[in-house]
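Residue strings, one per chain:
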Amino acid sequence: MPELDEQIKRRRTFAIISHPDAGKTTLTEKFLLYGGAIAAAGMVKGKRNMKHAVSDWMEIEKQRGISVTSSVMQFEYDGFCINILDTPGHQDFSEDTYRTLMAADSAVMVIDASKGVERQTKKLFKVCVMRHIPIFTFINKMDRDSRDPLDLLEEIENVLGIQTYAVNWPIGSGKEFRGVYERTADRIAVFSGTSETTAGKYEAAAQYAALGDAAADELISPAQHEKLLEDMELLDGAGSEFDIDAVQRGELTPVFFGSALTNFGVEPFLRDFLSMTPPPLSRRTPDGEIDPFDPAFSAFVFKIQANMNKAHRDRIAFMRICSGKFEANKEVYHVQGQKKMRLSQPQQLMAESREVIEEAYAGDIIGVFDPGLFSIGDTLCAPSKKVTFEGIPTFEPEHFRLVRQLDTMKRKQFVKGITQIAQEGAIQIFRDLEGGMEEVIVGVVGELQFEVLDYRLKNEYNVEVRMEPLTYEFARWLADQTIDPKKLDLTSDTRRVQDMRGNKLLLFSGEWNIAWAEQHNDGLELLDFSKG
Ligand code: G4P
């Protein structure tokens, strides 16, 4: 089936990760501009506002002007069909951010050149490493005064523990930023701004000169030329060799310098990145790997977005297609529900709109109407296929509150509401080992989720709750679930609890308490995620 192969081969599905304000939105927007998917800058943010107007419980989003949910955008560039997974940042950082990475085949890490590796980048990076996916680094904002490029590479290597290979090298920074030296092409590229073509497509205008050539002195200052020659000598001598296999294994990150805002180096980055990032990867199941080119359809749910329309309590389940082709009118098998079904209103988020689709291929993300059947991690496949993908891990929450209902007569609604919301994956709920559900410890990755929980319990389940902050900061699951937590020697402020699936874990107030637990209990292995 050559058409199927061709369609899958040209797909590239990746996530962009960064600490807030490093320039993720700006870079995404520039990608969309190059792909001709949007006509003018500002559309991505504009689109978010439009989305706010249609979502209902997301009043909170509207009030704060932020997006609680992540989305996906598809566009075409140079023969590639690109799916960009947007990972929510800012206060809306949530478990969804992590889960989105489970659906990506590679990640682009955007780093602010004046700041280096920041907190949220580190956390997201950890998830990428867990999945062994290739990571590409874009060091942004070179048009501002930035840190020394060699220092930045060293920091990435030391803090994140990944080798770096600079694909290009910046010439100056801030007002002195002229462009980059492209190592593979062995040429200096000096950007002279952008021009908008009649088709509304942006192109970065560049002039080129060879390194060491007299013509280079005309494009960049002789001092910059000199410095570049020195830097290159240093880099050639001390830096890692480029090794595409190490890139594919996630052990070496190709690094690109540029400026998303002023379009310096964005299109060359997109081009090189697309040539190095893999087409849809195969996915693991307990019975072996599933090849994306296998014509039988299979997919897994990585995100559920609840109550897009409050009147109908509907939910949209987002799934990543892992193999074959999805056809809207064909029956699929929901493995966990053991049911054949037709997926209703399958849709895809294009750059500017949400469209009902007839077909999609491995690598693509589709959203389907979910009448409450699906859970995060569920598998859907062709009835003949019957595979089950490995579940999505539960990631460590970082904020905890004790939640009780105010009106004890509403116990049933409270339990139902909080359990359903936890099943959707917006929050995690814990209780003491022998505890009931009269009070629940709620753990979240981003604090905004508490507000979402409060709002939804009130509006959808008619339950008022009281939330008390707890001082825990870390959750660690027991790697060996046969251990009796009561027998562990722990500091008095460590709490022994179980999660919704009955997995045992410990809540710690600080890193010091984790170290204590490890020191006082021989061979105790603690994990910062639950395997499912
Ligand atoms: P994020 O999605 O990672 O949170 O970052 P975003 O793209 O929103 O960028 C954060 C701020 O940094 C924005 O400015 C944006 O214009 C600016 N920025 C992004 N890339 C570059 C760059 O290459 N150079 C410079 N100098 N600035 C850059 P803002 O004033 O906060 O927002 P806005 O009002 O411009 O939208």
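A few points on the structure. (Residues numbered from 1 in each chain as written. Predicted model: local features only at pLDDT ≥ 70, side-chain atom pairs only at ≥ 80, totals over all residues. Heavy atoms only, no water.)

### With respect to the packing of aromatic side chains
Argument step 1. Taken as a whole and judged by the stated rule, the model has 17 aromatic pairs.
Argument step 2. Seen in terms of ring centroids, Phe-138 and Phe-269 are 5.0 Å apart; in terms of plane orientation they differ by 40°. Their pairing is tilted. Of this pair, Phe-138 sits in strand S5 (residues 135–140) while Phe-269 sits in helix H11 (residues 266–276), and the two are 131 residues apart along the sequence.
Argument step 3. Of the residues examined, Phe-138 reaches a relative accessible area of 0% and is grouped as buried. (Phe/Tyr/Trp six-rings, centres within 6.5 Å; stacked < 30°, edge-to-face > 60°. Helix = DSSP H or I, 4+ residues; strand = E, 2+ residues; numbered from the N terminus. Buried < 20%, exposed > 50% of the residue type's maximum accessible area, 1.4 Å probe, protein only.)

### As for the pairing of strand S11 (residues 252–257)
Argument step 1. With six of its six residues buried, S11 lies for the most part within the structure.
Argument step 2. Both faces of S11 are covered, namely the face carrying Leu-252, Pro-254 and Phe-256 and the face carrying Thr-253, Val-255 and Phe-257.
Argument step 3. With three bridges joining them, S5 and S11 adopt parallel strand pairing. Paired with Ile-139 across the two strands is Phe-257, which belongs to S11.
Argument step 4. As judged from the four bridges shared by strand S6 (residues 163–166) and S11, these two strands associate in the parallel manner. In the strand pairing of S11, Thr-164 is matched with Thr-253. (Pairing = 2+ DSSP bridges.)

### Some words on the side chain of Thr-491
Argument step 1. With respect to the helices and strands, Thr-491 occurs in the loop between strand S29 (474–478) and strand S30 (495–498).
Argument step 2. For Thr-491, a relative accessible area of 11% corresponds to the buried category.
Argument step 3. A distance of 2.9 Å separates polar atoms of two side chains, one belonging to Thr-491 and the other to Asp-493.
Argument step 4. Only 2.8 Å separates the side chain of Thr-491 from the side chain of Thr-494, close enough to count as a polar contact.
Argument step 5. Setting aside residues no more than four positions away along its own chain, Thr-491 makes contact with Trp-512, Asn-513 and Trp-516. (Polar contact = N/O pair within 3.5 Å; in protein donor to acceptor, adjacent residues only side chain to side chain. Contact = heavy atoms within 4.5 Å.)

### Describing the nonpolar core
In globular proteins that are soluble, nonpolar side chains generally tend to be buried together.
Argument step 1. Trp-169, Phe-326, Leu-343, Phe-374 and Leu-380 are the most contacted members of the largest nonpolar core, which totals 84 residues.
Argument step 2. Among the elements that line this core, the one with the most residues is strand S15 (residues 315–323), at six residues.
Argument step 3. When we break this core down by domain, the ones giving at least three residues each are domain 1 (12–169 + 240–276) and domain 2 (283–381).
Argument step 4. Aside from chain neighbours lying at most four places away, what touches Leu-380 is Phe-297, Ser-298, Ala-299, Val-301, Met-319, Val-332, Tyr-333, His-334, Met-341, Leu-343 and Phe-374. (Core = buried A, V, L, I, M, F, W, Y, C linked by side-chain atoms within 4.5 Å. Domains from an automatic or database assignment.)

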